[in-house]
Amino acid sequence: MARSKPYRENAVVVRTYDFGEADRIIVLLTQRHGVVRAVAKGVRRAKSRFGSRLAPFVHLNVQLYPGRNLHTITGADTVAFFATGIIDDYERYTAGCAMLEAAERLAQPDDESLFTALIEALGILAAAADPVAVLDSFLLQAMEFAGWAPVLFACAQCSRPGPHHAFHPGVGGACCHECRPSGSADIAEEVLHYMWLLAGRHWEKAAEITAAHPDYSAAAHRLVRAHLQWHMEHNVKALSIMEQSL
């Protein structure tokens, strides 16, 4: 049941689009209530009180008035501005857009985990040496929260202990030579170890692996992307754009 009184909530702007002559729809990933769609009235006018704050890559504390189809944003205070260092760099920007798009699609009400992971990832992204690693780390965490993270050591089909050298999203991740289906990717076992380090945010150890084997980062990204889109059953547009430049 919709709330009848205004309430305040921490949120990240994940998407916006124009509505009417002066309004804008703001799609928010909130800390406590999943994805909330709200209208910000008059924000496209030059004299708007908080229009500039209601943009992607901004962490806000917003005041919301519930409505039947859309909430109404009646106030917004900036908590953190992540756009600096992201929007002026193509690779960081596309990685950030992929995070926001995936977060919108994977968010679940009453679960703060994804919100917390997104805030942390956006905070790291602006200064990260490897933006793709930050993106993959976030996506692996998001898939864990959704309940279908890839298995990275034991065989996802028969649970035979690894490490293994094949991966297929259809069976759930790593697979042994007896269980691997047609179309499985042949991979070095250290690629799966690298993915495990990213999922656990072990940045220094992950960087050591890619320093010795730079191609492992791209290999891991392909597996993360394939697993995400297989189970989501929906194309993440920003990931497709990234593929054109990698």
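Residues numbered from 1 in each chain as written. Predicted model: local features only at pLDDT ≥ 70, side-chain atom pairs only at ≥ 80, totals over all residues. Heavy atoms only, no water.

## What to know about the pattern of salt bridges
Point 1. Counting across every chain of the model gives nine salt bridges.
Point 2. When the shortest N-O distance is used, the salt bridge between arginine 24 and aspartate 18 registers 3.1 Å.
Point 3. Given a relative accessible area of 22%, arginine 24 falls into the partly exposed group.
Point 4. Here aspartate 18 falls in the partly exposed class, since its relative accessible area comes to 47%.
Point 5. One salt bridge connects arginine 180 with aspartate 186, and the closest N-O pair in it is separated by 2.7 Å.
Point 6. Residue arginine 180 is classed as partly exposed on the basis of its relative accessible area, which comes to 31%. (Salt bridge = Lys/Arg side-chain N within 4 Å of Asp/Glu carboxyl O. Buried < 20%, exposed > 50% of the residue type's maximum accessible area, 1.4 Å probe, protein only.)

## A few points about the pairing of strand S3 (residues 34–40)
Point 1. For S3, a buried count of five out of seven residues is recorded, marking the element as mostly surrounded by other parts of the structure.
Point 2. Inspection of the sheet shows strand S2 (residues 23–30) paired to S3 by seven bridges, in the antiparallel sense. Within the sheet, the bridge partner assigned to leucine 29 lies in S3 and is valine 35.
Point 3. Hairpin remark: S2 followed by S3, antiparallel, with three residues in the connecting loop.
Point 4. Inspection of the sheet shows S3 paired to strand S5 (residues 71–81) by two bridges, in the parallel sense. Opposite valine 39, over in S5, you have threonine 72 as the bridge partner. (Helix = DSSP H or I, 4+ residues; strand = E, 2+ residues; numbered from the N terminus. Pairing = 2+ DSSP bridges.)

## Regarding the sheet that holds strand S7 (residues 173–175)
Point 1. Strand order in this open sheet of three strands is S7-S6-S8, and the pairing throughout is antiparallel. Single-partner strands in this sheet number two, and they are S7 and strand S8 (185–186).
Point 2. With two bridges connecting them, strand S6 (residues 166–168) and S8 associate as antiparallel partners. Of the residues in S8, the one forming a bridge with phenylalanine 167 is alanine 185.

## Brief notes about the packing of aromatic side chains
Point 1. Applying the stated rule across the entire model yields one aromatic pair.
Point 2. Relative to tyrosine 93, the ring of phenylalanine 57 has its centre 6.0 Å away and its plane inclined at 65 degrees; by these criteria the two rings are edge-to-face. Taken as a pair, phenylalanine 57 in the loop between S3 and strand S4 (58–65) and tyrosine 93 in helix H1 (residues 90–106) lie far apart in primary sequence, 36 residues in all.
Point 3. For phenylalanine 57, a relative accessible area of 2% gives the class buried. (Phe/Tyr/Trp six-rings, centres within 6.5 Å; stacked < 30°, edge-to-face > 60°.)

## Quick word on the layout of surface pockets
Point 1. Volume-wise, the largest pocket comes out at about 260 Å³.
Point 2. Around the largest pocket sit Val14, Arg15, Thr16, Pro56, Phe57, Tyr93, Cys97, Leu100, Glu101, Glu104, Arg105 and Ala238, which together line it.
Point 3. For the lining of the largest pocket, the secondary-structure elements that each account for two or more residues are strand S1 (7–19) and H1.
Point 4. Broken down by element, the residue count for the lining of the largest pocket peaks at six residues, all from H1.
Point 5. Tallied by class, residues from the lining of the largest pocket come to seven nonpolar, one polar and four charged. (1 Å grid on protein atoms, 1.4 Å probe; cavity = no way out; pocket = protein on both sides within 12 Å on 5 of 7 lines; lining within 4 Å. Points joined across faces, edges and corners; volume = space filled by probe spheres on them. Nonpolar A, V, L, I, M, F, W, Y, C, P; charged D, E, K, R; others polar.)

## Observations regarding the sheet that holds S1
Whether parallel or antiparallel, the strands of a sheet pair through hydrogen bonds between backbone atoms.
Point 1. Read once around its circumference, the closed barrel built from five strands follows the order S1-S2-S3-S5-S4, with strand pairing classed as mixed. Ignoring strand direction, the axes of neighbouring strands in this sheet form an average angle of 50 degrees.
Point 2. Here eight bridges tie S4 to S5, and the two strands are oriented antiparallel to one another. The residue of S5 that forms the bridge with leucine 60 is threonine 78.
Point 3. Of the strands in this sheet, S1, S2 and S3 are in contact with H1, which crosses S1 at around 110 degrees.
Point 4. Across the sheet, helix H2 (residues 113–125) lies against S1, S2 and S4, angled at about 70 degrees from S1, the strand it touches most. (Axes fitted to C-alpha atoms, helices over the stretch in contact; angles between N-to-C directions. Contact = heavy atoms within 4.5 Å.)

## Some words on the packing of H1 against helix H3 (residues 131–146)
Axes are the key here: two packed helices are described by the angle between their axes and the distance separating the axes.
Point 1. Here H1 crosses H3 at 5 degrees, and the two axes come no closer than 9 Å. Considered as vectors, H1 and H3 are oriented roughly parallel to each other. On H3, the residues touching Glu91, Arg92, Ala95, Ala98, Met99, Ala102, Ala103 and Leu106 of H1 are Pro131, Val132, Val134, Leu135, Phe138, Leu139 and Ala142.
Point 2. Taken together, the residues of the contact of H1 with H3 sort by class into 13 nonpolar, no polar and two charged. (Parallel < 35°, antiparallel > 145°, perpendicular 65-115°, else oblique.)

## What about unusual backbone geometry?
Point 1. Following glycine 162, the chain continues to proline 163 via a peptide bond in cis, the omega torsion being 10 degrees.
Point 2. As for its placement among the helices and strands, proline 163 is situated in the loop between H3 and S6.
Point 3. For arginine 201, which is not glycine, the phi torsion reads 60 degrees and is therefore positive.
Point 4. Assignment of secondary structure puts arginine 201 in the loop between helix H4 (189–199) and helix H5 (203–212).

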